[in-house]
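Summary of the model geometry
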Amino acid sequence: MLTLSEPTLLRSQNLIDGLWRDAGLGARLAVTDPATAEAFANVADSDAGDARLAADAAAAAFPAWSRRPARERAQLLKRWHALILDHQEDLARIISTEQGKPLKEARGEVQYGASYVEWFAEEATRICGDIVAEAVPGRKLLVLKEPVGVVAAITPWNFPLAMIARKIAPALAAGCTVVAKPAEDTPLTALALAWLAQQAGMPAGVVNIVTASREHTPGVVDAWLADSRVRKVTFTGSTPVGKHLARESAATLKKLSLELGGNAPFIVFDDADLDAAVDGLMASKFRNGGQTCVCPNRVYVHDTVHDDFVERLARRVGALHVGPATEDAAQIGPMINARAVDKIARHVEDAVSRGARVVTGGKRVRSADGPYYYAPTVLVDATPAMELSCEETFGPVAPIFRFRDEAEVIRDANDTPFGLAAYFYSNDIRRIWRVAQALETGMVGINEGAIAAEAAPFGGVKESGYGREGSRHGLDDYMHTKYLCQGQLG
Ligand code: SIN
């Protein structure tokens, strides 16, 4: 049962042009608590017509919003930031209930998401162009940064607050207006966030949110892809969907930011501090039950420290408490849905059938609470022939691969079409620079498992996508560069 101290945060309609509205056809989408697999709320199940109305509103709001002085946009973002923090506990409860993240982590997510809003509020006032040295006497060469226009943000379920905040905040800071569609599993957090934006004084049409079921999502997204007024799409999710967006937005050549699938390697060299490496792996692998794009999917441990590392890791993993997000002791909540937990079980079964050994976990648990729980798992003797080595498991499973030399492990780590994050532990400064440069990923954690921060550029290379979120680069992705050449000044 979800009870909030501010019950109006629980919205069930779309926000379009400053008004809360049902879907045009009146359809509803049930929202499920993954802890029990039971529906506890419902929201609008929108279609292409609703998506077009949202785009109309965002396009109409764009001229005035983009002309507002940066300081005013920044002030509105700061007010939004303050309201998010004021409602931290309610927002965390919504996140936990619709996504299954333990409450403690959900509170952390609110802080994390809010940090992007604050960061971009500050960055809004630092947007600058250039004045280029004159090439010809009597001419001035100037470079301006301008907002791209209407932005479509399509966000995932694994961080229902942080991902939408880190897309909407830079868009608004740059002077863009937004149409957004949160994941069908977790629409409530996005709607609550939009309601807070409205309370902060965001003008009508600047932020529009449309919710839709899995069946209706293609209609909503395709309406935005076909709309020439939508100048940018920002998406976090799977690589196949990212490729679809890239193909379908080609007709109107939209700017794209795609934060797609990962298959992160986590390498423990023989000179590593093993306790620090275990801490780093616990933080990066088991956060959000392993349902994180940047979480390690393949753990490579040097032969000479392998057994020691596995023993230390298994002790920690075996002690993790699995349970509903609302249980104070819970460290691993339910997985998001049946498809997710089935995939984890399939990966573990496939690995075991190909020679992996379960050290701890390896099975579904707490079935009396609900069907989506999976025990935190350590597998050894993992090999590249196993499904979990080439596909993201997106669950609390750490498969350990044994390696013997640096060149071999770098080759294996890079042997994937994906390139989002990588991690390694070593105390040899020469190796640190060699390996950091050799890894083909957008982000590298060196002796560190928690790498994401509002001040850092988050994003991948290869089939993990392009564009960056967070940092000054995250703001640049919502602007284009305009060159002015003024003559006859001599
Ligand atoms: C993600 O899973 O894509 C986001 C994770 C993060 O921001 O740390």
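The notes below deal with the structure included here. Fair warning: this is a prediction, and the values are worked out from it, not measured in the lab.

To continue, consider the overall build of the chain. Counting secondary structure elements, the chain contains 15 helices and 22 strands. Radius of gyration (C-alpha) of the chain: 23 Å, near the 23 Å computed for a compact globule of 490 residues. Expressed as lengths along the three principal axes of its C-alpha atoms, the size of the chain is roughly 70 × 60 × 40 Å. Each of the 490 residues in the chain was classed as buried or not, and the buried ones make up 58%. As presented, the chain carries roughly 19100 Å² of accessible surface, and 52% of it is formed by carbon and sulfur atoms.

Here we come to the site of the ligand. Taken together, Y112, N158, F159, M163, R166, T236, E259, R287, T292, C293, A452 and F458 are the residues near the ligand. Between the ligand and N158 there is a distance of 3.1 Å, counted from an oxygen atom to a side-chain nitrogen or oxygen. In this structure, an oxygen atom belonging to the ligand sits 2.9 Å away from a side-chain N or O atom of E259.

Let us now look at the packing of helix α3 (residues 88-99) against helix α6 (residues 187-199). Relative to each other, α3 and α6 sit at 160°, their axes nearing to 8 Å. Relative to α6, α3 is oriented roughly antiparallel. Between α3 and α6, the residues in contact are L91, I94, I95 and E98 and P187, L188, T189, A192 and L196, respectively. Its residues assigned to classes, the contact of α3 with α6 comprises seven nonpolar, one polar and one charged.

So, on to the nonpolar core. Within the largest apolar cluster, 69 residues are counted, with the highest numbers of intra-cluster contacts made by I267, V268, V299, F309, L313, I400 and F424. Ignoring anything within four residues of it in the chain, the contact list for L313 reads V278, L281, M282, V378 and I400. Membership of the second largest hydrophobic core comes to 67 residues, among which are L83, I164, A165 and A174.

By convention here, two paired aromatic rings are described through the distance between centres and the angle between planes. Applying the stated criterion to the full structure yields seven aromatic pairs. Taking 5.4 Å as the distance between ring centres and 25° as the angle between the ring planes, the aromatic pair formed by F266 and Y425 counts as stacked. Taken together, the residues F266 in strand β12 (residues 264-268) and Y425 in strand β18 (residues 421-425) connect sequence positions 159 residues apart. Grouping residues by exposure puts F266 and Y425 together as buried. Every member of this aromatic cluster is reached through a ring pair, and the members are F266, Y423 and Y425. When the ring centre of F159 is taken as origin, the NZ or CZ atom of K101, which lies over that ring, is 3.9 Å away. Over the face of the ring belonging to Y478 we find K232, whose NZ or CZ atom lies 4.6 Å from the ring centre.

So, about the sheet that holds strand β22 (residues 479-486). Sheet strands pair via backbone hydrogen bonds, and the direction of the pair is either parallel or antiparallel. Taken in spatial order, the three strands line up as β5-β6-β22 in an open sheet, and their pairing is antiparallel. Looking at the sheet topology across the chains shown, the edges are occupied by β5 (130-132) and β22. Strand-to-strand twist in this sheet, taken as the mean axis angle between neighbours without regard to direction, amounts to 25°. Across three bridges, the pairing between β5 and strand β6 (residues 140-147) is antiparallel. Following the sheet pairing, I131 is matched in β6 by L142.

Each value, and the rule that gives it
Residues numbered from 1 in each chain as written. Predicted model: local features only at pLDDT ≥ 70, side-chain atom pairs only at ≥ 80, totals over all residues. Heavy atoms only, no water. Helix = DSSP H or I, 4+ residues; strand = E, 2+ residues; numbered from the N terminus. Rg over C-alpha atoms; globule rule 2.2 N^0.38 Å. Buried < 20%, exposed > 50% of the residue type's maximum accessible area, 1.4 Å probe, protein only. Areas by Shrake-Rupley, 256 points an atom, 1.4 Å probe, with all protein chains shown as cover. Near = heavy atom within 4 Å. Polar contact = N/O pair within 3.5 Å; in protein donor to acceptor, adjacent residues only side chain to side chain. Axes fitted to C-alpha atoms, helices over the stretch in contact; angles between N-to-C directions. Parallel < 35°, antiparallel > 145°, perpendicular 65-115°, else oblique. Contact = heavy atoms within 4.5 Å. Nonpolar A, V, L, I, M, F, W, Y, C, P; charged D, E, K, R; others polar. Core = buried A, V, L, I, M, F, W, Y, C linked by side-chain atoms within 4.5 Å. Phe/Tyr/Trp six-rings, centres within 6.5 Å; stacked < 30°, edge-to-face > 60°. Lys NZ or Arg CZ within 6 Å of the ring centre and 35° of its normal. Pairing = 2+ DSSP bridges.

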